[in-house]
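The lines below spell out each chain.
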Amino acid sequence: MAQIGGLGHVGIYATDLMNMRDFYTRVLGLQIADEDLEQRRMVFLSSDPVGEHHEFVLMEGRVTSDDAKVIQQISFHVPTIQDMRDFKARIDEENVTIDRIVSHGNAFGMYFFDPEGNRVELYYKTGFPVPQPHGDPLDLSRSDDELLGEAKDLLFTKR
């Protein structure tokens, strides 16, 4: 039977393409792999343009009412807990409100909203298969060992 090998990329419409381009490149550090700002008004973004041409696409043309909910969340994996701390500092510097930072047990997640109100998550995979949904507040000022120890303990309390 045919099967999916993984998610390749996601594209979203943007009202203010250049503002969103700035946020995702300058604040989140994605790189522009290609773009057509004149005709198609789209930007192809990647965390590693050599390894994956694009993982995220912005295209001008969002047309919804102000209260429309069209995206539940856009999640980006980070390789280390320290990356989460570094992004938290960068996001705080931008005066972007962080909605919550939680341990899901199987991952640590930091949630905030981009300039057009789309929910964004940065997450670190712990490797512990904790049943979901789960979300305890997470204090990133604590050591990696402490945070991972608590996540591991959930394996014995969540079942």
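This structure is a prediction, so every number in the text was calculated from the model and none was measured. (Residues numbered from 1 in each chain as written. Predicted model: local features only at pLDDT ≥ 70, side-chain atom pairs only at ≥ 80, totals over all residues. Heavy atoms only, no water.)

### With respect to the overall build of the chain
Broken down by element type, the chain carries three helices and nine strands. Along the chain direction, N to C, the helices and strands of the chain fall in the order β-α-β-β-β-β-α-β-β-β-β-α. By principal-axis analysis of the C-alpha atoms, the chain measures approximately 55 × 50 × 35 Å. Counting only residues that meet the buried cut, the chain has 36% of its 159 residues in that class. (Helix = DSSP H or I, 4+ residues; strand = E, 2+ residues; numbered from the N terminus. Buried < 20%, exposed > 50% of the residue type's maximum accessible area, 1.4 Å probe, protein only.)

### Quick look at the nonpolar core
Grouped together as the largest cluster of nonpolar side chains are 37 residues, with contacts concentrated most on Tyr 24, Leu 28, Phe 56, Leu 58, Phe 76, Phe 112 and Leu 122. If one sorts the elements of this core by residue count, helix H1 (residues 17–27) sits on top with five residues. (Core = buried A, V, L, I, M, F, W, Y, C linked by side-chain atoms within 4.5 Å.)

### Brief notes about the sheet that holds strand E5 (residues 74–77)
Spatial ordering of the open sheet is given by E5-E8-E7-E6-E9, a layout of five strands whose pairing is mixed. On the outer flanks of this sheet lie E5 and strand E9 (136–137), each paired with one strand and no other. Sheet topology places E5 next to strand E8 (residues 119–125); four bridges connect them, and they run parallel. Residue pairing in the sheet places Phe 76 in a bridge with Leu 122 of E8. (Pairing = 2+ DSSP bridges.)

### What about unusual backbone geometry?
Cis peptide bonds are those with omega within 30 degrees of zero, and the linkage from Gln 132 to Pro 133 qualifies with 5 degrees. Inspection of the secondary structure puts Pro 133 in the loop between E8 and E9. If you check the backbone angles, Arg 41 has positive phi at about 55 degrees while not being a glycine. Secondary-structure assignment places Arg 41 in the loop between strand E2 (31–36) and strand E3 (42–46). Phi angles above zero are rare outside glycine, and Asn 95 is one such case at about 60 degrees.

### Brief notes about the packing of aromatic side chains
Taken as a whole, this structure holds six aromatic pairs when the rule is applied. Note on Tyr 24 and Phe 76: the rings are 6.2 Å apart at their centroids and 55 degrees apart in plane angle, and the pair reads as tilted. With a gap of 52 residues between them, Tyr 24 in helix H1 and Phe 76 in strand E5 connect regions that are remote in the sequence. Each member of the pair, Tyr 24 as well as Phe 76, is classed as buried. An angle of 85 degrees between the planes, with centres 5.5 Å apart, marks the rings of Phe 56 and Phe 76 as edge-to-face. One end of the pair, Phe 56, is in strand E4 (residues 56–60); the other, Phe 76, is in strand E5, and 20 residues separate them in sequence. Classification of Phe 76 by relative accessible area gives buried; the value is 16%. (Phe/Tyr/Trp six-rings, centres within 6.5 Å; stacked < 30°, edge-to-face > 60°.)

### Points about the pairing of E2
Across five bridges, E2 lies against E3 in antiparallel orientation. What sits directly across from Ile 32, in E3, is Leu 45. Here E2 folds back onto E3 in antiparallel fashion, the turn holding five residues, of which Arg 41 has a positive phi close to 55 degrees.

### Regarding helix H3 (residues 144–157)
Here H3 contains 14 residues, and its C-alpha end-to-end distance of 20 Å stays within 8% of the 20 Å for a straight helix at 1.5 Å per residue. Buried residues of H3: Leu 147, Ala 151, Leu 154 and Leu 155, and no others. Projected down its long axis, H3 shows its buried positions confined to an angular sector of 115 degrees, all on one face. Along H3, exposed side chains directed more than 90 degrees from the buried face belong to Asp 145, Phe 156 and Thr 157. Close packing links the buried residues of H3 with helix H2 (81–93), strand E6 (98–103), strand E7 (107–113) and E9. (Expected span 1.5 Å × (residues − 1). Arc of directions from axis to C-beta. Contact = heavy atoms within 4.5 Å.)

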